[in-house]
Amino acid sequence: MKKLAIIITLAIFTMTGCQDEAFFELKRPVQPPWLTLDDFEKAPIGAYYGLSGNGGFRSIFAAGRIAGEVYADGVNLAPITDGFNTDGDVEDMYDRIGEFQISVFDNAVFNSGYFAIGFANGALDFIEENDGDPFPLANRPDEIDRIKGELLFVRAYAYYWLVRAYCPAYPNDQPRLPFRTSQARDFDEALTSPLASTNDIYALMESDLREAVAILPEAYDGSLHPPGYADGRATKFAAAALLAKVLFHKGDHQGALEPLNMVIDQNNGLFDLSEDPIEAFNKTGVNRGNEVIWYYTLWAGDGLGGPSNWKHPGRFEWYSASNRFAGGPANNQGRFIHSSESFLRDVGWKDENGTVTQEALDDKRFNQLFVWLTPAGSGINLAPNVYPEPNDNFRTTTDFVWGDKYYRAGDRITNLPILRLADMYLLRSIIRAQSGDTQGSLLDLNMVRNRAGLSDFNGGGNELIEAIHLERFKEMAFEGDRLYYLQGLQMDIPAGDRGGAAVPYNGEFYSEIPDYERNVNLGYQ
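Residues numbered from 1 in each chain as written. Predicted model: local features only at pLDDT ≥ 70, side-chain atom pairs only at ≥ 80, totals over all residues. Heavy atoms only, no water.

Undergrad: An account of the overall build of the chain is needed here, citing residue identities and associated values.
TA: Counting its secondary structure elements, the chain contains 20 helices and 9 strands. Taking all 525 residues of the chain together, the buried fraction comes to 57%. The contacts of the chain with a sequence gap of at least 6 include a subset with a gap of at least 24, amounting to 69%. About 20,900 Å² of surface is accessible on the chain, with carbon and sulfur atoms providing 50% of the total. (Helix = DSSP H or I, 4+ residues; strand = E, 2+ residues; numbered from the N terminus. Buried < 20%, exposed > 50% of the residue type's maximum accessible area, 1.4 Å probe, protein only. Contact = heavy atoms within 4.5 Å. Areas by Shrake-Rupley, 256 points an atom, 1.4 Å probe, with all protein chains shown as cover.)

Below you can see the structure in the form of structure tokens.
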């Protein structure tokens, strides 16, 4: 906010400092930021790039997922006594300490989110100021709609993380976050943002995404779209998938069924669960797994040819077996967030003797997306992904199980799947189960189970609901889902390895607003 205010101030001083208005108009006319439709294609590219922040460790994707895991019950923190280096903010989140500013979110979620929103708002204002089509001579209203739809999607996605990182769970009407739906026009407006509540932001996200669903194309078409649109950009189905999650998180489960049905049943063969789970996580470039609805591409970059033309988010290495150099656990000294004992036992992957179960070994997700490291120097090798701790910096004396979903395509080139079809199936499964549609719920649940190599589940009632919870626990582990899934169901958050009782879903699982924003934004005063 302070940086934005400085930029606007300089712009005002520059324009008002010129006394010869005739000279200014004739020799140095003010140009719009985009002169052609081809120029305007840079607007959504900039908005996507804004999400990745100012540097690889500052992306909204990687840091935002930390809270969804650490506040919940599926992870634990590796001990310093074994050589692991933890982070103070993460420790406080794990301890569920309220009313503190999570500094790791400041650059990665707050700044990145508002960078992206600023990019999107400027271009959306440009469309509105030009009666919905800034380039009528190009005669491509379909392309204007596509660009507008992408901008609305990016704005919604930025707010999707901001509201969960900085606001109480839905519903809540306390104004907390700066609410920007258009670009600031002058110095005073830049310093005085209205504040929005959880309820306000969910309403905006829903509105933006419904419009995006209506105007975005279903897929890239080389005869209609620029080549860049083939690569990690939002489509109608991406907007519908995010809309379904937004509606689910706000408790409108029946409303979420319409976009879920669109993504699952009306995708014209674009997405399916025909591939192994690993195939969603080991792609680069324009390639994607068959189930991936939207992904962040780590190689296409800002599209503007800058010196840092793409970024590889680094925070994943905290909760990943590997780091961005893709060297596996032997080369990742930054990891310290691992699967909790309660997770492993709840999902049936660890028995009462502390040993990996046959159920785990039969599950493709365990085999392909997790690494079970036995104590350093133990010589215990039970499976290709069950072997002794290989990193000499860690002096482990017990087993640790690490997620292995990130950096699977190679050194700093792996795309990040963000919206996946398995997620959609499991959301629809729980909604169907709770509304009494047992048959439909089982069909959805077993689509995910069968893809993982597991047999059908045939129970009903509360057994079915619990089976869906556990299936999702396994499927979405280390993707920042657990806390927000339980909040969407208004279920208490279990203690996990902490011990003690579960805590209410609407507890203080969010950060205080950054001091630098409160000190500058007059809306807080």
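The discussion continues.
Undergrad: Outline the nonpolar core, supporting the account with residue identities and numerical values.
TA: Soluble globular proteins tend to bury their nonpolar side chains together. Core analysis: the largest hydrophobic core is formed by 154 residues, its most contacted members being Phe40, Phe61, Met93, Phe153, Tyr157 and Trp294. Ranked by residue count, the leading element in this core is helix α8 (residues 141-166), at 16 residues. (Core = buried A, V, L, I, M, F, W, Y, C linked by side-chain atoms within 4.5 Å.)

Undergrad: Give me the packing of helix α12 (residues 253-265) against helix α16 (residues 421-434): which residues, what numbers.
TA: Where α12 contacts α16, the axes come no closer than 10 Å and their chain directions differ by 140 degrees. Classified by the interaxial angle, the pair formed by α12 and α16 is oblique. Remark: the crossing between α12 and α16 carries left-handed chirality. Residues His253, Gln254, Ala256, Leu257, Leu260, Asn261, Val263, Ile264 and Asp265 of α12 touch α16, and the partners they reach there are Leu421, Met424, Tyr425, Leu427, Arg428, Ile431 and Gln434. (Axes fitted to C-alpha atoms, helices over the stretch in contact; angles between N-to-C directions. Parallel < 35°, antiparallel > 145°, perpendicular 65-115°, else oblique. Left-handed = near helix turned anticlockwise from the far one by under 90°.)

Undergrad: How would you summarise the confidence of the model for the chain if you had to cite specific residues and measurements?
TA: Interpretation of this model should avoid reading the predicted coordinates in detail wherever pLDDT is low. Averaged over all residues, the pLDDT of the chain equals 90, while 90% of them reach at least 70. Confidence drops under a pLDDT of 50 for residues 1-30, and excluding neighbours within four residues, the segment shows 21 contacts in the predicted structure. Note that residues 300-308 has pLDDT below 50 and, in this model, 16 contacts with residues that lie over four places away or in other chains. (pLDDT = per-residue confidence, 0-100.)

Undergrad: Before we move on, can you summarise the sheet that holds strand β6 (residues 370-374) with the specific residues and values?
TA: One open sheet accounts for 3 strands, arranged β7-β6-β8; its pairing is mixed. Where the open sheet ends on each side, the last strands, each with one partner, are β7 (386-388) and β8 (400-403). Taking each pair of neighbouring strands and ignoring which way they run, the sheet shows an average axis angle of 30 degrees. (Pairing = 2+ DSSP bridges.)

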